[in-house]
Amino acid sequence: MKTLNGVKGFHDVVPPQSERFTDLEQRLRAVLAAYNFGEIRTPIAERTELFARSLGETTDIVEKEMYSFDDRDGTSLTLRPEGTASVVRAALEAGLAQRDQVAKLYYLGPMFRRERPQKGRTRQFHQFGAELIGRDDPLADAEVVMLLADCLDAAGLKERDLIINSLGDEACRPAYRAALTAYGRAHFDELCANCRQRLDRNPLRLLDCKEESCRRVMADAPLVTDHLCEPCRAHFAQVERLLQAADVTYRVNPRLVRGLDYYVRTAFEVVAGNLGAQNAVGGGGRYDGLVAALGGPPLAGIGFAIGLERLLMATDDLSAASNPEVDVIPLTDEAAPAAVRLTRRLRARGMRCELEAAGRSVKSAMRRADKLAARFVVLIGDDELRAGRATVRDMHHKADHRLALAVDDPGSALVETLRALAAAGGQGA
Ligand code: HAM
C-alpha cells in the first residue's frame, strides 16, 4: 500500500532533533524565569477577526497566509499565525492587562502561515515569544531587547546582527507615510508590480522589498528617523543609551520595517548570517495601540518572538546529549532479571540507559552498542551472575572493569563509579 505522507510545509520533529528542541526550550525558559516572566498558553485557534484587527488588513499574513476555516456554526476561525494578538486577547480576558498593571508573559508553541516553503520557512513553525504589557517607558524597550539578546546567548547564537529602528507613532508616522508615498509615486515606473499595489495601502513595506529594482529606488527614499516627532526621538535616544549601558551590541537601520502593522516606535530584528534568504531568527517591537484596538484600556506593550527552527539551524553545532550513557546487555535469559533491576536503578538516578534484548552473542551486542555510541556497556552473563559482578566496558577508553552487582544496592554504587570513570578517564581493571 502507498505510504501516507505529511502535509507540505508541516514537519515532524524526530530524535535527535526533538532533543535539541527540548534542550533549547529549557535554556530559554531559564532566561525568562530570571527576568521574572510567567508562561502563558493560548489555544492555537482564534476568531479570524482577532488577527485581521491586530496584524493589519493589508499585511501579507492577513491577505494571503492565514489558515482560516468556518466552524460548524459559521464562525470564522484561524490557526494562529503569531502569538502577540492571542496573548493580548488572553491577558485582557484573564484580567492581567488592566490600568496600572504590568503583565510579563512568555509563550512557546506552533504558529501557522501559508507561505511558500523553502529553507528556514515552513507553514507550521514554532515561536518562543515574550510580551511586556503595560509599560511605555524606554527602560521597558531596553529590558525586552536585553531579554532577546540573553535568550540568543543562552542558545549559543554568537554570529548575529541585532538591528533596531524607530517607526514613529500616530503623531509622526502619517507625515512619513505621505513622504514615502510621494517618493514611491515619483518612481512608480521603477517599482515591481507588488510595490505599485502596496504604494497606497502600505508604503512602509516598499522598504522591505527584495526586488533589485525596488531596492535601487528605495536606497534614496526618505528615512523614518528624519521624520520622528520629538517624543519619539527622545524615546529612541534613551533606548539606545540604555542598551549601550547594558553592553548590548546592536546596529540602527532606519530602513528596518516589520511585516505586521501593530508596531509603533521601537522595532527590532535579529538576523543570522548562515541562514540564507530567510535569515531573521527573531523580531519584535512596541505595539502601544494594540490593547486598546482589541477593546482593552490604553495600555502600551512591547515584545518579541524567536523562530525556534531557525535558531536551531543557526546554532547547528550545539549538540544535545542524545547518546545513551549506558547500554545494558543481558547475555542470557537468566541474566535478564538482574539487568532489568540494574537498569531501573540507573534510570532512577538519571542515567540515560538502553536495555537490550536478552540472549545475543557478545559480538552482536557490541556491534549494536557501537552503533548507539553508548559511553559504557554493562554486560551481564552467567559468569557475571555467579561472581555478582557485571562487566563494564568503557567505550571511550576501551577498558573493562568488573563492578559489583550488589543485590541491596545495585544502582547507586555503580552510578557513582560510572560517573567517576567518565570524569577521570579509565584504566582497565
Ligand atoms: P515575526 O517577525 O513575524 O514576528 O516572526 C518572528 C519570527 O518567527 C521570525 O523572525 C522567524 O524566525 C519566525 N518565523 C516567521 N515565519 C516563519 C516561517 N514561515 N517559518 C519559520 N519561521 C518563521 C512576530 O510574529 C511577532 N508576533 C513578534 C512580536 C512579539 N512582536 C511583538 N511581540
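I will try to describe carefully the structure that is included in this document.

Note on backbone geometry: most residues besides glycine have negative phi, and most peptide bonds are trans. P16 follows P15 through a cis peptide bond whose omega is 0°. Its identity is not glycine, yet N36 carries a phi of approximately 65°, on the positive side. Counting through the fold element by element, N36 comes out in the loop between α1 (17–34) and β1 (38–39).

Another point: the state of the cysteines. Linking two cysteines covalently via their sulfur atoms produces the bond known as a disulfide. Inspection of the entire model under this criterion finds zero disulfides. Among the cysteines around C172, which has no disulfide bond, C229 carries the closest sulfur, lying 3.6 Å off. The class for C172 is buried, based on a relative accessible area of 6%. C195 takes part in no disulfide bond, and the closest cysteine sulfur, belonging to C209, lies 3.7 Å away.

In this structure the tally under the stated criterion is five aromatic pairs. With a centroid separation of 6.2 Å and an interplanar angle of 35°, the aromatic rings of F10 and F112 are classed as tilted. Here F10 is found in the segment before α1, whereas its partner F112 is found in strand β5 (residues 103–112), with 102 residues between them in sequence. Overall, F112 belongs to the buried group, its relative accessible area being 5%. Chaining the aromatic ring pairs together yields one cluster made of F10, Y67 and F112.

Moving on, we come to the site of the ligand. Lining the immediate surroundings of the ligand are 27 residues, of which E82, E115, E131, Y263 and A280 lie closest. A distance of 3.0 Å is found between a nitrogen atom of the ligand and a side-chain nitrogen or oxygen belonging to Y262. Within the backbone of A280, a nitrogen or oxygen atom sits 2.8 Å from an oxygen atom of the ligand. Protein contacts shield 95% of the accessible area of the ligand, which totals 660 Å² for the unbound molecule. Where the shell around the ligand is concerned, the elements lending two or more residues are β6 (124–133), β10 (280–286) and β11 (301–307).

Before going further, it helps to examine the side chain of S86. Examined against the element boundaries, S86 turns out to sit in helix α4 (residues 84–93). By relative accessible area, which is 0% here, S86 ends up buried. Not counting residues within four places of it along the chain, the set of residues in contact with S86 comprises T42, E46, L50, F51 and R80.

Two elements in contact, helix α6 (residues 173–186) and helix α7 (residues 193–201), have axes whose closest approach is 9 Å; the angle formed by their N-to-C orientations is 150°. Where α6 crosses over α7, the handedness of that crossing is left-handed. Listed contacts from α7 to R177, T181, G184 and R185 of α6 are L199, D200 and R201. Residues of the contact of α6 with α7, tallied by class, amount to one nonpolar, two polar and four charged.

Reading guide: rules and limits
Residues numbered from 1 in each chain as written. Predicted model: local features only at pLDDT ≥ 70, side-chain atom pairs only at ≥ 80, totals over all residues. Heavy atoms only, no water. Helix = DSSP H or I, 4+ residues; strand = E, 2+ residues; numbered from the N terminus. Disulfide = S-S within 2.5 Å. Buried < 20%, exposed > 50% of the residue type's maximum accessible area, 1.4 Å probe, protein only. Phe/Tyr/Trp six-rings, centres within 6.5 Å; stacked < 30°, edge-to-face > 60°. Near = heavy atom within 4 Å. Polar contact = N/O pair within 3.5 Å; in protein donor to acceptor, adjacent residues only side chain to side chain. Areas by Shrake-Rupley, 256 points an atom, 1.4 Å probe, with all protein chains shown as cover. Contact = heavy atoms within 4.5 Å. Axes fitted to C-alpha atoms, helices over the stretch in contact; angles between N-to-C directions. Left-handed = near helix turned anticlockwise from the far one by under 90°. Nonpolar A, V, L, I, M, F, W, Y, C, P; charged D, E, K, R; others polar.

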